[in-house]
Every structure is written in C-alpha cells, then in structure tokens.
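So you can see what is in the structure, the chains are spelled out below.
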Amino acid sequence: LFSAAEDGTLAAWDLLRGAADPKQVKPQATLIGHLSSVPSLALCPAGRWLLSGGRDQVLLLWDTKLLAGGKVKSLKPVATISAGQPVSAVAWAASD
C-alpha cells in the first residue's frame, strides 16, 4: 500500500507485517523526491513500478522491488520526468 501527503512525502506500508492494533501500524519506508503535494499515484499492473505525479510538475518513477524484505527505510526515485505543469493524474496503460 502506498500513500502520498501534502508535503510531497510518499509512504510504503506493509499491512501484513503491521502490528495487531491498526493504530500502531507505521510506514515501512519513506519515498523522498517530490517538493510539493502529490495528488496521484499509480502502481503498474505487475506491481513493481510506482509512478507519482506532483504539483511540483514532475513525474517520479519508483522501483518497489527495492522495498522487498523491509530493510530499506528511505527510497529515492529511479527516474524523474518533467511534466512542465502540475500533475493531477497518472495511470498505466494496459499492454497486450
């Protein structure tokens, strides 16, 4: 599970490894790269790549495979794409 905050921070959550009390669940890792709010996230159908679009006019590509095992606490994007304007939505196209 991934979430995005107004300050541009993204978080990765592993609910299967969470505490018995849902109020005690904490993010597995923080994804750092956006400079302002992130209104849109899209996980590719295979589950490896996460795309985030921000009001900072960039799209960031994240490799979620690096989060496997729960040892990574902070992740940086593998690619940055300038959108030239604030991004309000992102999506993956289905492939045949």
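Above this text you will find the structure in question.
What comes next concerns the included structure.

## A word on the sheet that holds strand E4 (residues 40–43)
Pairing is antiparallel across the open sheet formed by four strands, whose spatial order is E4-E5-E6-E8. Two strands bound the open sheet, and with one partner strand each, they are E4 and strand E8 (79–82). Along the sheet, successive strands turn relative to each other by an average axial angle of 15°, direction set aside. The sheet contact formed by strand E5 (residues 49–53) and strand E6 (residues 58–63) spans five bridges and is antiparallel. In the sheet register, Ser52 faces E6, and the bridge partner there is Leu60.

## What about the nonpolar core?
Membership of the largest hydrophobic core is limited to 11 residues, which are Leu10, Ala12, Ala29, Leu31, Val38, Leu50, Val58, Leu60, Trp62, Leu67 and Leu75. Residue assignment for this core shows that the elements contributing at least two residues are strand E2 (10–12), strand E3 (29–31) and E6. Looking at which element gives the most residues to this core, the answer is E6, with three residues. When residues no more than four places from it in sequence are discounted, the contact partners of Leu60 are Gly33, His34, Leu50, Leu51, Ser52, Pro77, Ala79 and Thr80.

## A word on the environment of Trp49
Following the sequence through the fold, Trp49 ends up in strand E5. Exposure remark for Trp49: the relative accessible area of 28% places this residue in the partly exposed category.

## A short note on the environment of Val58
Looking at where Val58 falls in the secondary structure, it is placed in strand E6. Its relative accessible area of 17% is what places Val58 among the buried residues. A C-alpha to C-alpha distance of 4.6 Å links Val58 and Ser82, two positions 24 residues apart in sequence.

## Quick word on the environment of Ser3
As for its placement among the helices and strands, Ser3 is situated in strand E1 (residues 2–4). Its relative accessible area of 27% is what places Ser3 among the partly exposed residues. C-alpha of Ser3 to C-alpha of Asp14: the two residues are 11 residues apart in sequence and 12 Å apart in space. Discounting chain neighbours no more than four positions away, the residues touching Ser3 are Thr9, Leu10, Ala11, Trp13 and Leu41.

## Comments concerning the sheet that holds E3
Reading across from one edge, E1-E2-E3-E7 is the order of the four strands in this open sheet, with mixed pairing throughout. Edge positions in the sheet fall to E1 and strand E7 (74–75), since each of these pairs with one other strand and no more. Here E1 runs beside E2; their pairing, made up of three bridges, is antiparallel. Looking at E2, one finds that Ala4 is bridged to Leu10.

The rules we used
- Residues numbered from 1 in each chain as written.
- Predicted model: local features only at pLDDT ≥ 70, side-chain atom pairs only at ≥ 80, totals over all residues.
- Heavy atoms only, no water.
- Pairing = 2+ DSSP bridges.
- Helix = DSSP H or I, 4+ residues; strand = E, 2+ residues; numbered from the N terminus.
- Axes fitted to C-alpha atoms, helices over the stretch in contact; angles between N-to-C directions.
- Core = buried A, V, L, I, M, F, W, Y, C linked by side-chain atoms within 4.5 Å.
- Buried < 20%, exposed > 50% of the residue type's maximum accessible area, 1.4 Å probe, protein only.
- Contact = heavy atoms within 4.5 Å.

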